[in-house]
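Each chain, written out:
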Amino acid sequence: MSRSTQSNPKERDFSLVNIGQLVTNNSSLGTGELGVIENAAITVVAGKVTWVGASSAVDSSLPKVDAQGRSVLPGFVDSHSHIIFGGDRSQEFAARMAGVPYSAGGIKVTMAATRASSSEDLKANAQSLITEMYEAGTTTVEIKSGYGLDVETEKRSVQVAAQLTDEVTYLGAHVVAPEFANDPDAYVDLVTGEMLNACAEYSKWIDVFCDRGAFTGQQTKKILEAGISKGLLPRVHLNQLEQGDHIQMAVDLDCASADHLTYLTDQDIQTLARSQTVAGLVPACDFSTRAPHYPRGRDLLDAGVSVSLSPDCNPGSSYTTNMPFSIALAVREMHLTVDETIYAATMGGAKALRRNDVGHLSVGANADLVLLTAKNYIHLAYRPGVPLVQKVWKNGTLMFTKGDQG
Ligand code: NIG
Ligand code: FE
């Protein structure tokens, strides 16, 4: 497979016709919450969706791409990734599968490899993971720093991330750097001071890993508030490793998302339901860390919480970029319906990034499209592990074609 970059903007103008099922995520355009249109077409001009409707009614003046009755969805929106890193932790994974529990401490192993990597190598590694994401249908990705844990490497990490996405997150507060093991508050001072000053201009978001072995609720609040005062928007890792008591804080700070949430009380769910904070579920992480259980996805949706879905790609707890795998897990293990899961992987991610131009295929949205090999989008959950993505466009530009060796 390969990426195809069309330099002539005219080449971005086309109609995709003969779509068996078009998922628009706009319920006023079709059936159900996914707004599904059967026998549909979509037109793309200058990277935007300009029309959706019946294939028989499409503007015939645009060049046509024939979907041959297959299904089309909005590109997946991955609102949680940690892909700026060096090395891997395959030995740690093998040991974990043999019984060693996951802990936040593994982050320091990746920290050493990341500090030792050039920015070029960090970029090349992240780029290869983004290529995997395209191959699996993801067209928008948030990228976190967090494996530098010193000013220079965190700055290099957000700089590299900013070359790859608009959704850059400063996560200097991933764990306390080993140099500060005896004085974690001094590390918090660094993260909220010199490191934040170095990273803010490259970042849109600030995140903190608030959990056992990482940062306390009090430290987390201080760090997020420092980021907010610098113009960054907050999001947070919560309740991955134990039941914490900080959902209300995340909501009070208007975090765009609170992610992981493997442990949740009924009260936590009610608090999220009354907020704008998206519950960012990452079941591939629960899978790869062999968490005792999956997050309460069904209960979150029943309470009216907005849910996003992400593979949480990182070298420690979840080394997969694959959204369809996460979809299969969410349906099987968290009891989301297939439609709810597809929505979480697209619109849910867009909400978690506070974006309204991605995650749906209404007129005016970015032309981020996934053409499946399957005629029915349910196959994404029904055929786990099978690569079902045929073609992917981002902003109307073809990024991936299955089998294309060019
Ligand atoms: O999202 N939870 C914190 N951070 C990552 C894992 C980091 C690591 O183990 O390298 C996560 O799972
Ligand atoms: Fe994470």
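Numbering of residues begins from 1 in every chain and follows the order in which that chain's sequence is written. Each chain takes a letter, starting from A, and each ligand takes a number, starting from 1, following the order in which they are written. Where local features are concerned, this predicted model is filtered to residues with pLDDT of at least 70; where side-chain atom pairs are given and counted, the filter is 80 or more; whole-chain, interface and lining totals use all residues.

**Q** Account for the domain arrangement of the protein chain, with residues named and values stated.
**A** Where interface size is given, it is often the accessible area lost as the parts come together that is meant. Per the annotation, domain bounds derive from an automatic or database assignment of domains. The domain boundaries assigned to the protein chain delineate domain 1 (9-74 + 359-401) and domain 2 (77-352). On a C-alpha basis, the centroid separation for the pair domain 1 and domain 2 is 30 Å. Residues are defined as contacting one another if the C-beta atoms placed from their backbone atoms lie within 7 Å. At the interface, 22 residues of domain 1 touch 20 residues of domain 2. For the side of domain 1 that touches domain 2, the secondary-structure elements that each account for two or more residues are strand 5 (71-74), helix 14 (379-382), strand 16 (389-394) and strand 17 (397-401). Elements are defined by DSSP. Helices are runs of H or I of four residues or more, strands are runs of E of two residues or more, and each kind is numbered from the N terminus.

**Q** Residues and numbers for the pairing of strand 3 (residues 48-54), please.
**A** A pair of strands is labelled paired if DSSP reports no fewer than 2 bridges between them. Two elements, strand 2 (residues 36-45) and strand 3, share 6 bridges in a ladder whose sense is antiparallel. Residue pairing for strand 3: Ile42 is matched across the bridge by Val52. Between strand 2 and strand 3, which pair antiparallel and follow one another directly, the connecting turn spans 2 residues, one of which, Ala46, has a positive phi of 50°.

**Q** Lay out the environment of Leu301 in plain terms, naming residues and giving numbers.
**A** Summarising the element assignment, Leu301 is placed in helix 11 (residues 297-302). As a C-alpha pair, Leu301 and Arg96 span 205 residues in sequence and 31 Å in three-dimensional space. Sequence-distant contacts of Leu301, that is, excluding residues within four places in its chain, are made with Val307, Leu336 and Glu340.

**Q** Lay out helix 9 (residues 266-273) with the relevant residues and their values.
**A** Here exposure depends only on C-beta density: within 10 Å of a residue's C-beta, 20 or more other C-beta atoms make it buried, 12 or fewer make it exposed, and intermediate numbers make it partly exposed, the C-beta atoms being placed from the backbone. If you check which residues of helix 9 are buried, you get Asp268, Ile269, Thr271 and Leu272. The buried residues of helix 9 occupy one face: seen down the axis, they fall within an arc of 160°. Exposed residues pointing more than 90 degrees away from the buried face of helix 9 are listed as Asp266 and Gln267. Packing partners of the buried residues in helix 9 comprise helix 8 (247-252), strand 13 (278-281) and helix 11. It is the directions from the helix axis to the C-beta atoms that the arc portrays.

**Q** So what's going on with the pairing of strand 13? Which residues, and what values?
**A** Neither face of strand 13 is open: one carries Val278 and Gly280, the other Ala279 and Leu281, and all of them are buried. Look down the strands so they point away from you; if going from the first strand over the helix to the second traces a clockwise path, that crossover is right-handed. Running through helix 9, the crossover from strand 12 (residues 257-260) to the neighbouring parallel element strand 13 is right-handed. Relative to strand 14 (residues 307-309), strand 13 runs parallel, the two being bridged by 3 bridges. Bridge assignment links Leu281 to a residue of strand 14, and that residue is Leu309.

**Q** Could you give an account of the nonpolar core, with specific residues and numbers?
**A** For this entry, the nonpolar core is defined as buried Ala, Val, Leu, Ile, Met, Phe, Trp, Tyr and Cys residues connected by C-beta atoms within 7 Å. Core analysis: the biggest nonpolar cluster contains 122 residues, and Ile42 and Val72 have the highest contact counts within it. The residue makeup of this core includes at least three contributed by each of domain 1 (9-74 + 359-401) and domain 2 (77-352). In this view, Val72 contacts Leu16, Ile19, Leu22, Val23, Ile42, Ala67, Leu369, Val370 and Leu371; residues no more than four positions away in its chain are not counted.

**Q** Which residues make up the environment of Thr320, and what are the values?
**A** Summarising the element assignment, Thr320 is placed in the loop between strand 14 and helix 12 (323-334). Each C-alpha atom, one on Thr320 and one on Leu129, is 8.9 Å from the other, the two residues being 191 residues apart in sequence. When near neighbours in sequence (up to four residues on either side) are disregarded, Thr320 contacts Ala284, Pro311, Cys313 and Phe325.

**Q** An account of helix 3 (residues 119-135) is requested, with residue identities and associated values reported.
**A** In this scheme, a helix's expected span is set at 1.5 Å multiplied by one less than its residue total. Helix length check: helix 3, at 17 residues, gives a terminal C-alpha distance of 24 Å against a target of 24 Å (1.5 Å per residue), a fit within 8%. For helix 3, the complete set of buried residues consists of Leu122, Asn125, Ala126, Ile130, Met133 and Tyr134. As for helix 3, its buried residues are in contact with strand 6 (76-78), helix 2 (107-115), strand 7 (138-144), helix 4 (151-162), strand 16 and strand 17.

**Q** Lay out the packing of helix 3 against helix 4 with the relevant residues and their values.
**A** When two helices pack together, their arrangement is given by the angle between the helix axes and by the axis-to-axis distance. Angular values range over 0 to 180 degrees, each being the angle between N-to-C directions of two axes fitted as lines to C-alpha atoms, with helices fitted over their stretch in contact. Where helix 3 contacts helix 4, the axes come no closer than 10 Å and their chain directions differ by 45°. In this view, helix 3 runs oblique relative to helix 4, as classed from their interaxial angle. Considering the relative orientation of helix 3 and helix 4, their crossing is right-handed. For the pair formed by helix 3 and helix 4, the contact residues are Ser119, Leu122, Lys123 and Ala126 on the first element and Arg156, Ser157, Gln159 and Val160 on the second. In this classification, the charged set is Asp, Glu, Lys and Arg, the nonpolar set is Ala, Val, Leu, Ile, Met, Phe, Trp, Tyr, Cys and Pro, and all remaining amino acids, among them Gly, are polar. Class assignment of the residues belonging to the contact of helix 3 with helix 4 gives a composition of 3 nonpolar, 3 polar and 2 charged. An angle below 35 degrees is treated as roughly parallel, one above 145 as roughly antiparallel, one from 65 to 115 as roughly perpendicular, and anything else as oblique. Here is the rule for handedness: rotate from the far helix to the near one, and if that takes an anticlockwise turn smaller than a right angle the crossing is left-handed, while a clockwise turn gives right-handed.

**Q** Which residues make up unusual backbone geometry, and what values do they have?
**A** You will see that Ala46, though not glycine, has its phi angle at about 50°, which is positive. Despite not being glycine, Asp312 shows a phi value in the positive range, around 60°. Given 30 C-beta atoms within a 10 Å radius, Asp312 is considered buried.

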